[in-house]
Amino acid sequence: MSNAPKPAPAAGAGRASTRKELPEHFKAYRHVWVAMEMEHGKVHPVSFELLGEGRKLADKRGVELAGVVMGGDGEEVAAAAIEAFEHGADVVYTIVDPILTHYRNDPYTRALTDLVNTYKPEILLLGATNLGRDLAGSVATTLLTGLTADCTELAIDDEGSLAATRPTFGGSLLCTIFTLNYRPQMATVRPRVMAMPEREPGRRGRIVSHDLGLAEAEIVTKVLDFIADGDSGRAALPYADIVVAGGLGLRSAENMQLVKALAAVLGGEYGGSRPLVQKGWITADRQIGQTGKTIRPRLYIAAGISGAIQHRVGVEGADTIVAINTDPNAPIMEFAHLAIVGDAVKILPALTDAFARHLSVNRLAS
Amino acid sequence: MHIVVCIKQVPDSAQIRVHPVTNTIMRQGVPTIINPYDLFALEEALRLRDRFGGEVTVLTLGPPMAEDSLRKALAFGADRAVLLTDRFFAGSDTLATSFALSMALKKIGEEFGEPPIVFTGKQTIDGDTAQVGPGIAKRRDLNQLTYVARIVEVDPAAGEIAVERRAEGGLQVLKSRMPVLITMLEGANEMRRGTLDNALGAARAQVVRWSAADAGIEDLTKCGLRGSPTIVKKVFAPTARAEKAKRVNTEEGSTAEANAAALVEAIFTRQPDLQTDLMRTAGNHYLPGGH
Ligand SMILES: Cc1cc2nc3c(=O)[nH]c(=O)nc-3n(C[C@H](O)[C@H](O)[C@H](O)COP(=O)(O)OP(=O)(O)OC[C@H]3O[C@@H](n4cnc5c(N)ncnc54)[C@H](O)[C@@H]3O)c2cc1C
């Protein structure tokens, strides 16, 4: 079971209408928090996206927006705090301890749980990354509060109730979930679902530092090594401006070359639908969709992809969706902005040439 | 080594349809399957048992018909199956689910031996939350290892385990002390075929069936809807976009070249700023003379 597809949604709805008065000690819970994600000294962009969204919630509520930065290196944490301010945070809670150098569930759960219990946020947001989901699940269980996964939309009412909307059943339905009688209200949001806020250089705020209060000997999980992905393009897919993707309509692994060539000309990334991962034509990190990456490019070109709902939910944030498909009635033809009916295997090379010509001709002209 | 694998019976979501008027899921006739991610967990557990000896217990929380999934797991080679089923569990969110499962795990430990390793899949395909595994770990005080791509080494005598765990930009190699809770990543292994012996055994096997009371749950307010802090208030279908797709090639028999040129025009007409930016960044090697 999960927090989304209740067997009987009506029962959930019935219960929701019987809101209890919030217990007195919960009234101390105020402010909106974003737990910032840091690995290898860098802030994950999803944390800034969450600050942008958190800013709107905090303004609506008239409360502060805070970032939480935990790490092993004081300078890195300080730099991340400044980035948090410049992306909208009023306050940054920091914990610096060598124990926090690499992410490990146990000390991070302790650190974040302690901060929540001390400073009592009303809302706590994390990225729905592997790190964020690992941490959020432990923190919510420790605090015995509600946690809504992979939200696509967040709203707040006048009483401070968070309405967290998320896809369910593989994206075929959306549901809105509340945590009425527990605090904090927790949610995770996938990278690229929320827009990146405008950065305000020079914007500053208050730093509140906190101690971890743990000894390394108390932590039984050790980080032995980190094996970085060889293919550096992998991590870039969700943040690429241009994405070209292939589907089963390409008919063979070799034809993925056509997709890669177009992506290269456009200086973008390539990806594909889930069956291509199962067939081994692309690696799992390049899968786009519900169980793959959410992307938010300015231009998305889907070649030979039908546009099943599980794929659609991963690409909907694109500014322009282009479909190349032999079937004029494929679902993707409904939600694409621009569509070509035709054989992707023929159109992709022609498109690569057309773009190359167009871009260089215009470059000469300008 | 006694290993427990938590599995879930889910509707085959590829075949789910949404009722056009009521926006409810039409479950009728939709086949159920073992959550595909859980099979990676089950296979990993079976491999460890084959290597170190011991037993694999599969555990599920669900309606009585979830027994089907347990029998499938037995047919793959699991040794024992436990079904936790009770009307008090209806409507459980992830917090309530992890509570119920953790109580059943405690009971399994008492009855059949404490498991040094508990497995789950990385997430389910119907809920997609990835929260139940971490919830169980916290409640049972197990060291949590999520998104495990590979088990590197297990040393039962020393009580230690090393794994590779998928993180941003690479794999984290972690060493931890058992007992652990591991959520397995897809593609970690390939599920074996069940043997004929297993299939026959599965059909005849006695599935252990526990109610909330059997699992030692006294406080029913921690179960089902009452034990769920999250409340589903609204279920609805995604709205269609107002802007309709523009068909670029309407002429019959136009060539790929003509279609491609028309598409490039259409893209840059729709997004002029994209053209400016692309000219700055894209395909430098396509500049004349750039080769
Ligand atoms: C739980 C779950 C999670 C899932 N998660 C994802 C996910 O994250 N991402 C994802 O993509 N899918 C996901 N899926 C799978 C999804 O439901 C679809 O099966 C999948 O997206 C279909 O891939 P496809 O469009 O490449 O293939 P198909 O559905 O086979 O479509 C191929 C398309 O190519 C067209 N075509 C054929 N020949 C040509 C040609 N020569 N030129 C141009 N077009 C051609 C056809 O008209 C058709 O529209 C998931 C499914 C489930 C059950």
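Before reading on, note that the structure itself is shown above.
We now turn to the structure provided with this report.

What counts, and at which threshold
Residues numbered from 1 in each chain as written. Chains lettered and ligands numbered in written order. Predicted model: local features only at pLDDT ≥ 70, side-chain atom pairs only at ≥ 80, totals over all residues. Heavy atoms only, no water. Axes fitted to C-alpha atoms, helices over the stretch in contact; angles between N-to-C directions. Helix = DSSP H or I, 4+ residues; strand = E, 2+ residues; numbered from the N terminus. Parallel < 35°, antiparallel > 145°, perpendicular 65-115°, else oblique. Left-handed = near helix turned anticlockwise from the far one by under 90°. Contact = heavy atoms within 4.5 Å. Nonpolar A, V, L, I, M, F, W, Y, C, P; charged D, E, K, R; others polar. Buried < 20%, exposed > 50% of the residue type's maximum accessible area, 1.4 Å probe, protein only. Arc of directions from axis to C-beta. Buried area = accessible area lost by both parts, 1.4 Å probe. Salt bridge = Lys/Arg side-chain N within 4 Å of Asp/Glu carboxyl O. Polar contact = N/O pair within 3.5 Å; in protein donor to acceptor, adjacent residues only side chain to side chain. Pairing = 2+ DSSP bridges. Near = heavy atom within 4 Å. Areas by Shrake-Rupley, 256 points an atom, 1.4 Å probe, with all protein chains shown as cover.

Residue and element names in this part refer to chain B. It is the contact of helix α2 (residues 67-76) with helix α5 (residues 196-204), at a shortest axis distance of 7 Å, that shows an interaxial angle of 150 degrees. Between α2 and α5, the angle falls in the class roughly antiparallel. In the crossing of α2 with α5, the sense of the turn from one axis to the other is right-handed. Between α2 and α5, the residues in contact are R71, L74, A75 and F76 and N198, A199, A202, A203 and R204, respectively. Partitioned by chemical class, the residues of the contact of α2 with α5 number six nonpolar, one polar and two charged.

The next point concerns the packing of helix α3 (residues 94-112) of chain B against helix α4 (residues 132-140) of chain B. All names here are of chain B. Axis separation between α3 and α4 bottoms out at 8 Å; the angle between their running directions is 50 degrees. As summarised for this structure, α3 and α4 are arranged oblique, according to the angle between their axes. As α3 packs across α4, the resulting crossing turns out to be right-handed. Across the interface between the two elements, T94, L95, T97, S98, F99, L101, S102, L105 and K106 of α3 pack against V132, G135, I136, R139 and R140 of α4. Broken down by class, the residue content of the contact of α3 with α4 amounts to six nonpolar, five polar and three charged.

Now for α2(B). Residues and elements named next belong to chain B. When we look at burial in α2, the residues that qualify are E67, S69, L70, A73 and L74. The buried side chains of α2 occupy one side of the element, clustering within an arc of 155 degrees when seen end-on. Downstream of α2 by one or two residues, G77 has phi in the positive range, about 125 degrees.

Residue-level contacts link 101 residues of chain B with 103 residues of chain A. A buried area of about 9,200 Å², summed over both sides, lies between chain B and chain A, and 60% of it is on carbon and sulfur atoms. Inspection of the chain B/chain A interface yields four salt bridges. For the salt bridge of B:D277 with A:R298, the shortest nitrogen-to-oxygen distance reads 2.7 Å. The tally of links between chain B and chain A comes to 36 residue pairs in polar contact (both at pLDDT 80 or more). A breakdown of the residues in the side of chain B that touches chain A according to their chemical character gives 45 nonpolar, 29 polar and 27 charged. Pairing of strand β18 (residues 338-341) of chain A with strand β15 (residues 246-247) of chain B, which is carried by two bridges, proceeds in the parallel orientation.

Near the ligand there are 30 residues, and of these A:S273, A:T291, A:S306, A:Q310 and A:N325 occur at the shortest range. At the site occupied by the ligand, the surrounding residues belong to chains A and B. For the ligand, an oxygen atom lies 2.7 Å from a polar atom in the side chain of A:N325. When the free accessible area of the ligand is taken as 990 Å², the share hidden by the protein chains comes to 82%.

A few words on the pattern of salt bridges. Under the definition given, this model contains 40 salt bridges over all chains. Between B:R166 and A:D229 there is a salt bridge whose closest N-O contact spans 3.0 Å. Here B:R166 is found in strand β10 (residues 160-167), whereas its partner A:D229 is found in the loop between β13 (222-228) and α6 (233-236) on a different chain. Residue class for A:D229 comes out buried when judged on its relative accessible area of 18%. Through salt bridges with shared partners, one network takes in B:E43, B:R47, B:R49, B:D50, B:D79 and B:R192.

The next subject is unusual backbone geometry. Omega for the peptide link from A:R183 to A:P184 comes to -5 degrees, which places this bond in the cis form. By secondary structure assignment, the location of A:P184 is in the loop between β10 (173-179) and β11 (185-189). Here the residue pair B:M178 and B:P179 is connected by a cis peptide bond, since its omega of 5 degrees sits within 30 degrees of zero. The topology assignment puts B:P179 in the loop between β11 (170-177) and β12 (180-184). The backbone phi angle of A:D150 is positive, close to 55 degrees, even though this residue is not glycine. Looking at the secondary structure, you find A:D150 in strand β7 (residues 147-151). Even without glycine at this site, B:D128 takes up a positive phi of about 60 degrees. Among the residues examined, B:D128 registers a relative accessible area of 4% and is labelled buried.

Pairing is mixed across the open sheet formed by 10 strands, whose spatial order is β13(A)-β11(B)-β10(B)-β9(B)-β12(B)-β8(B)-β1(B)-β6(B)-β7(B)-β13(B). Whereas interior strands pair on both sides, the edge strands pair on one side only; in this sheet they are β13 of chain A together with β13 (208-210) of chain B. Between one strand and the next, the sheet's axes are offset by a mean angle of 30 degrees, whatever the strand orientation. Relative to β13(B), strand β7 (residues 80-84) of chain B runs parallel, the two sharing three bridges. Bridge assignment links B:L83 to a residue of β13(B), and that residue is B:R209. Across the face of the sheet, α3(B) comes into contact with β1 (2-6), β6 (55-61), β7, β8 (117-121) and β13 of chain B while running at roughly 150 degrees to β6(B).

All names here are of chain B. In terms of burial, β11 is largely enclosed, as six of its eight residues are buried. Inspection of the sheet shows β10 paired to β11 by eight bridges, in the antiparallel sense. Bridged to I161 within β11 is S176. Counting the residues that bridge the hairpin from β10 to β11 gives two residues, and of these G169 lies at a positive phi of roughly 80 degrees.

A separate point is the sheet that holds β10(A). In space, the four strands of this open sheet follow the order β8(A)-β9(A)-β10(A)-β14(B), with antiparallel pairing throughout. With one partner strand each, in any of the chains shown, β8 (153-156) of chain A together with β14 (230-236) of chain B form the two edges of the open sheet. For this sheet the average axis-to-axis angle between neighbouring strands, irrespective of direction, equals 25 degrees. Pairing of β8(A) with strand β9 (residues 162-168) of chain A, which is carried by four bridges, proceeds in the antiparallel orientation. Directly across from A:E153, in β9(A), lies its bridge partner A:T165. Helix α2 (residues 45-61) of chain A rests against β8 and β9 of chain A of the sheet, and its axis sits at about 15 degrees to β8(A).

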